[in-house]
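Next come the chains, spelled out residue by residue.
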Amino acid sequence: LQGIFVLGLPYALLHSGYSGLLLIVLAAALCCYTGKILVDCLYEENEDGQLIRVRDTYEDIANACCKKLSPKLGGIVVNVTQVVELIMTCILYLIVSGNLLSHSFPYIPMMEKTWSVIAFVTLLPCIFIRTLKIVSKLSQLCSLVHFFIIFVVITYCLTQMHQWSWAKFRLSLEFEDFLISVGVIIFSYTSQIFLPTLEGNMKNPGEFRCMLNWTHFFACILKTTFALTAFLTWGEKTKEVITDNLPSFLETLVNLCLLTKALLSYPLPFFAATEIVYSCISKDNHSNYRSPLLAMTVRGSFLLLTLLMAMFTPHFALLMGLSGSVTGAAMTFLLPSLFHLKLKWKKLSFLEKCADISVFILGFLCSLAGIVCSVKGLLEVFG
């Protein structure tokens, strides 16, 4: 999920200058923190003072917070938000795949939408994915491809060290461009949707916090190195997707790797979205939930939905930005901090309360700014 945004980090530095480097570090710290407090909401102390896992999902946390208002309202809001974000992500992978195929084989006279259909055909086996083990193996392959792409770009940039200059960094900032950079940087770290399930499936859940610290630390180092070397290499000529700056022989290779990454990335949000739907269905009719025919139907419907939206939704990038500003900020900053305050208020120290409130306010401002920029873009397009 992070790979698509990572390729835009050098472009984000172009518009944010020195503050972009600080934002990369700050975003890592904030997303690591909200991941910890979200998983903290899964636990409660028993009579002996021991922490017991009493909730399993993001939905359970939401229902616990809203049980006085409505027993299921919180879960419904969270599930709808998660499914929208996951479906949008799947659609984005399809569109990106079509775009990459079109650029990789420009001599074949086919439209990008046709290439997207070809990419969709390769994803049909997703209908048969039934366990997280298969998804994890595909994600491992995806990570290997991702590291290869980063390695190729950084290696090429290092060969151009003779033309690096810190003078390429901007000191003055334009507000709207800076907001775009904030969105790209922050959402290159988002993973909160998957954390409750991930922590629940760990052999030793006690190592979750340590794992989160190290993964965000190394992600921060890698992203800073990647963004910095790429921007110092191309400066003002840095493009939105940094691979477009590469020489043609490398661009084709990297584009094909990106295509592989996009296709390998699709199963994770797809599986997560269908699992949410399954859990909702199982509460009403457990026997039907176990029906293989129902499972195939739901997965097939999701696959078809992502294809149709990728093919026929106009200005999807702007709509993605709008929905991402709402769902991404909510799932990453607003809800974790709000739920943590609600469930742990009596046990939180003054500084912890201040931290949660600060994260909530920051998330709200980021969401509001993203919505304003996206709506402005849509209004300009539709004239």
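Right, let's walk through the structure included here. (Residues numbered from 1 in each chain as written. Predicted model: local features only at pLDDT ≥ 70, side-chain atom pairs only at ≥ 80, totals over all residues. Heavy atoms only, no water.)

## Notes on the overall build of the protein chain
Selection rule: Segments assigned H or I by DSSP are reported as helices when at least four residues long, segments assigned E as strands when at least two residues long, and all are numbered from the N terminus. With C-alpha atoms as the basis for the radius of gyration, the globule rule is written as 2.2 Å multiplied by the number of residues raised to the power 0.38. Whether a residue is buried, partly exposed or exposed follows from its accessible area with a 1.4 Å probe, protein chains only, as a fraction of its type maximum: under 20%, in between, or over 50%, in that order.
Scanning the protein chain for helices and strands turns up 16 helices and 2 strands. For the protein chain, the C-alpha radius of gyration of 21 Å lies close to 21 Å, the compact-globule estimate for 383 residues. With the C-alpha coordinates of the protein chain rotated into their principal frame, the extents come out at 65 × 50 × 45 Å. Across the 383 residues of the protein chain, 49% fall into the buried class.

## Thoughts on the pattern of salt bridges
What counts here: Throughout this description, the term salt bridge denotes a Lys or Arg side-chain nitrogen within 4 Å of a carboxyl oxygen of Asp or Glu.
For the structure on display, the rule yields 5 salt bridges. Here Glu44 and Lys344 are joined by a salt bridge, their closest N and O atoms 3.9 Å apart. Linking Glu44 in strand E1 (residues 43–45) with Lys344 in helix H15 (residues 316–344), this pair joins segments that are 300 residues apart in sequence. Owing to a relative accessible area of 21%, Glu44 belongs among the partly exposed residues under this scheme. A single salt-bridge network, built from bridges that share partners, covers Glu44, Arg55 and Lys344.

## Here we look at the side chain of Asn255
Following the sequence through the fold, Asn255 ends up in helix H11 (residues 248–265). Look at Asn255 and you get buried, because its relative accessible area is 3%.

## Focus: helix H8 (residues 175–186)
Which entries qualify depends on this criterion: Any helix carries an expected span of 1.5 Å times its number of residues minus one.
Between its terminal C-alpha atoms H8 stretches 16 Å, which fits the 16 Å expected from 12 residues at 1.5 Å a residue. Within H8, burial applies to Asp177, Leu179, Ser181, Val182, Val184, Ile185 and Ile186.

## Notes on the packing of aromatic side chains
Under the convention used in this document: Two rings from Phe, Tyr or Trp (for Trp, the six-membered ring) form a pair when their centres are within 6.5 Å of each other. A pair whose planes differ by under 30 degrees is stacked, one over 60 is edge-to-face, and the rest are tilted. Only lysine NZ and arginine CZ atoms are considered, and such an atom sits over a ring when it is within 6 Å of the ring centre and within 35 degrees of the ring normal.
Counted by the stated rule, this structure contains 8 aromatic pairs. On the basis of an interplanar angle of 90 degrees and a centroid distance of 6.0 Å, the ring pair of Trp214 and Phe217 is categorised as edge-to-face. Taken together, the residues Trp214 and Phe217, both in helix H10 (residues 208–234) and 3 residues apart, mark about one turn of the helix. Given the relative accessible area of 49%, Trp214 is considered partly exposed. Among the aromatic residues, those joined into a ring-pair cluster are Phe105, Tyr107 and Trp115. Just above the ring of Tyr189 sits the side chain of Lys223; from NZ or CZ to the centre is 3.8 Å. For the cation-ring pair, Lys353 lies above Trp345, with the distance from its terminal atom to the ring centre recorded as 4.0 Å.

## Some words on the packing of helix H5 (residues 73–104) against H11
Our working definition: Axes here mean lines fitted to C-alpha atoms, for a helix over just the part in contact, with angles spanning 0 to 180 degrees between N-to-C directions. Relative orientations are named as follows: roughly parallel for angles under 35 degrees, roughly antiparallel for angles over 145 degrees, roughly perpendicular for angles from 65 to 115 degrees, and oblique for any other angle. Two helices that cross are described as forming a left-handed crossing if the nearer one is turned anticlockwise from the farther one by less than a right angle, and a right-handed crossing if clockwise. Whether two residues are in contact is decided by their heavy atoms: any pair within 4.5 Å suffices. Side-chain classes are defined by residue name, with Ala, Val, Leu, Ile, Met, Phe, Trp, Tyr, Cys and Pro counting as nonpolar, Asp, Glu, Lys and Arg as charged, and the others, Gly among them, as polar.
Interhelical geometry of H5 versus H11 gives an angle of 155 degrees and a closest axis separation of 9 Å. Viewed along their axes, H5 and H11 adopt a mutual orientation that is roughly antiparallel. Of the two elements, H5 crosses H11, and the hand of that crossing is left-handed. Where H5 approaches H11, its residues Tyr93, Ser97, Leu100, Leu101, His103 and Ser104 are matched on the opposing element by Thr252, Asn255, Leu256, Leu258, Leu259, Ala262, Leu263 and Ser265. Each residue belonging to the contact of H5 with H11 can be placed in one class, and the counts come to 8 nonpolar, 6 polar and no charged.

## Concerning a nonpolar patch on the surface
Quick note on the threshold: Note on patches: the residues involved have over 30% relative accessible area and no salt bridge, like charges join within 9 Å, and the nonpolar side chains Val, Leu, Ile, Met, Phe, Trp and Tyr join within 5 Å. Values of accessible area rely on a 1.4 Å probe in the Shrake-Rupley scheme; residue burial ignores everything except the protein chains shown.
There is a patch of nonpolar side chains on the surface, built from Ile357, Ile361, Phe364, Leu365, Leu368 and Val372 and spanning about 540 Å² of accessible area. Here Phe364 is to be found in helix H16 (residues 350–382). Residue class for Phe364 comes out partly exposed when judged on its relative accessible area of 44%.

## Overview of the nonpolar core
Heads up, the rule is: For the purposes of this section, nonpolar cores are sets of buried Ala, Val, Leu, Ile, Met, Phe, Trp, Tyr and Cys residues that join through side-chain atoms within 4.5 Å.
Judged by nonpolar contacts, the single largest core of 104 residues is most densely connected at Leu94, Tyr189, Phe226, Tyr266 and Phe339. The element contributing the most residues to this core is H5, with 12 residues. For Phe339, the contacting residues outside a window of four places in its chain are Cys41, Tyr58, Ile61, Ala62, Cys65 and Val78.

## Section: the packing of helix H4 (residues 58–66) against H5
Look at H4 against H5: their axes get within 6 Å of each other, and the N-to-C directions meet at 145 degrees. Like other packed secondary-structure pairs, H4 and H5 cross with a definite hand, here right-handed. Facing Tyr58, Glu59, Ala62, Asn63 and Cys66 of H4, the residues of H5 in contact are Leu73, Gly74, Gly75, Val78, Asn79 and Gln82.

## Quick look at helix H7 (residues 132–158)
The end-to-end C-alpha distance of H7 is 38 Å, a good match for the 39 Å that 27 residues give at a rise of 1.5 Å each. Along H7, the positions that sit buried rather than exposed are Val135, Cys142, Val145, His146, Ile149, Ile150, Val152, Val153, Ile154 and Cys157.

## Observations concerning the side chain of Thr34
In plain terms, the rule: Counting of polar contacts relies on pairs of N or O atoms within 3.5 Å, with two restrictions inside protein: one atom must be capable of donating a hydrogen and the other of accepting it, and residues adjacent in sequence are counted only when both atoms are side-chain atoms.
For Thr34, the position within the fold is in helix H3 (residues 18–40). At a separation of 3.1 Å, a polar atom in the side chain of Thr34 contacts the main-chain carbonyl oxygen of Cys31. For Thr34, the side chain forms a polar contact with the side chain of Gln192, separated by 2.8 Å. Not counting residues up to four positions away in its chain, the partners in contact with Thr34 are Gln192, Thr332, Phe333, Pro336 and Val359.

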